[in-house]
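Chain by chain, the residues:
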Amino acid sequence: MALGKNIIEIILDLYKENFFNKINSVLDMGDQDVALKYEEIKKIIEIQNIKFDENLWRLSKNFPSRPRVSTSIFWNTIGIKEAERMDIVKLKRDENDKNNHILHDLNFPYENIKKQYDLVTDLGNNEHPFNIVESYKTMHNLCKESGYMLIYQAYINGNGFYRFDDSTIDNIAAVNSYSIIRSSFIVNKKDDCISMPVNRKYLKFLELNNVDNVYFFYLLKKNNSDQFKFPYQGGGKSLPIKEFYTLKTNYPSRQPEQIYLPSKVDDVDIKILIKALIKKIKNKIKK
């Protein structure tokens, strides 16, 4: 679990767009490292005209050995003072790293929620706990209403218990009413990467044997404080189908029915539609 050059540069693109101006607190799922040599991370940070504190980053001189610099130091460097991590283990860190670590096994519910965060990240962590559903439920619960979730997960050549279908996050987003602010496939080859829409037809243009891996990147906004809902493949929030969905994404050519979401009125049970119509008529009469 570590942040490499490609995902750091994607995050810094958001920084250049002033996205982090509204972020005061962040929680990383997993006790994450920054996987770059000292001179590499210094160059990447300073090219953005961000102050680089050599004392905070001195452990990066150890890379690839441990102990390493935590992702919390990266968040601190780009201006987020409250940067915490949650994991079943706590890695050895520099004494200058004052950021909080929450010790918790993500296979189980996290019930001691004392605060929520502006941003919660899954940067290649949530495929490692076997109870992956509980990990995403915890992520949802720790995110503030109107807060954000950032997900960077393996689609091809991952190293966890699970690899994701391109419908996975779309379905979670749909049934929980998340806004998809940004999404893309990230194709990585050594220090280079390219971004493309989350649509598997684009991958047909690549020689996949020549790439290191393919990840997908999602930035989601949590729009309400409802409890986390499980998606039913082909059904949305429930089976039998009670509603249809339209996802607003940055790839409008990709229709919801391609990702196992009911997208037409015809998908919904006629009895449910009649009940909804009667309820709507009664509400109109009362007005």
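Residues numbered from 1 in each chain as written. Predicted model: local features only at pLDDT ≥ 70, side-chain atom pairs only at ≥ 80, totals over all residues. Heavy atoms only, no water.

Asks: Sorry if this is basic, but what is going on with helix H4 (residues 132-142) here?
Replies: Note on helix geometry: an α-helix contains 3.6 residues per turn, so any two residues three or four positions apart are oriented the same way. In terms of residue burial, H4 counts as a mostly covered element, since eight of its 11 residues are buried. Residues Ile-132, Glu-134, Ser-135, Tyr-136, Thr-138, Met-139, His-140 and Leu-142 constitute the buried set of H4. (Buried < 20%, exposed > 50% of the residue type's maximum accessible area, 1.4 Å probe, protein only. Helix = DSSP H or I, 4+ residues; strand = E, 2+ residues; numbered from the N terminus.)

Asks: Help me out: how do you make sense of the layout of surface pockets in this one?
Replies: Over the atoms rolls a probe the size of a water molecule, and in doing so it shows where empty space is left. Of the voids in this model, the largest pocket is the one considered here, and its volume is about 580 Å³. In terms of lining, the largest pocket is formed by 27 residues, of which the most central are Ala-2, Leu-3, Gly-4, Ala-35 and Tyr-215. For the lining of the largest pocket, the secondary structure elements donating two or more residues are strand S1 (2-3), helix H1 (5-16) and strand S10 (213-221). Residue contributions to the lining of the largest pocket peak at three residues, all from H1. Here the residues of the lining of the largest pocket sort into 10 nonpolar, nine polar and eight charged. Each pocket or cavity is described by its volume, and for the second largest pocket that value is around 340 Å³. (1 Å grid on protein atoms, 1.4 Å probe; cavity = no way out; pocket = protein on both sides within 12 Å on 5 of 7 lines; lining within 4 Å. Points joined across faces, edges and corners; volume = space filled by probe spheres on them. Nonpolar A, V, L, I, M, F, W, Y, C, P; charged D, E, K, R; others polar.)

Asks: Help me out: how do you make sense of the pattern of salt bridges in this one?
Replies: When charged atoms on two side chains of opposite charge get close, those side chains can pair. In total, this model carries 18 salt bridges according to the counting rule given. In this structure, the salt-bridge partner of Asp-33 is Arg-93, at a minimum N-O distance of 2.5 Å. Within this pair, whereas Asp-33 is found in strand S3 (residues 33-34), its partner Arg-93 is found in the loop between strand S4 (82-87) and strand S5 (101-103), the two being separated by 60 residues in sequence. Exposure remark for Asp-33: the relative accessible area of 1% places this residue in the buried category. Classification of Arg-93 by relative accessible area gives buried; the value is 15%. Of the charged contacts, one joins Glu-82 and Lys-115 as a salt bridge, the two residues approaching to 2.5 Å between their closest N and O atoms. Within this pair, whereas Glu-82 is found in strand S4, its partner Lys-115 is found in the loop between S5 and strand S6 (117-123), the two being separated by 33 residues in sequence. (Salt bridge = Lys/Arg side-chain N within 4 Å of Asp/Glu carboxyl O.)

Asks: How should empty space enclosed by the protein be read in this particular structure?
Replies: Applying the stated criterion across every chain yields a total of two cavities of 30 Å³ or more. Here the largest cavity defines a volume of roughly 50 Å³. Together, Tyr-136, Met-139, Met-149, Ile-151, Ile-169, Ile-172, Tyr-178, Leu-220 and Phe-228 line the largest cavity. At the level of elements, H4, strand S7 (143-156) and helix H5 (168-175) are the ones that each hand at least two residues to the lining of the largest cavity. Within the lining of the largest cavity, the residues separate by chemical class into nine nonpolar, no polar and no charged. Roughly 30 Å³ of volume is contained in the second largest cavity. Forming the boundary of the second largest cavity are Leu-56, Leu-59, Arg-68, Val-69, Ser-70, Ile-73, Arg-93, Asp-94 and Asp-97. Considering only residue class, the lining of the second largest cavity consists of four nonpolar, one polar and four charged.

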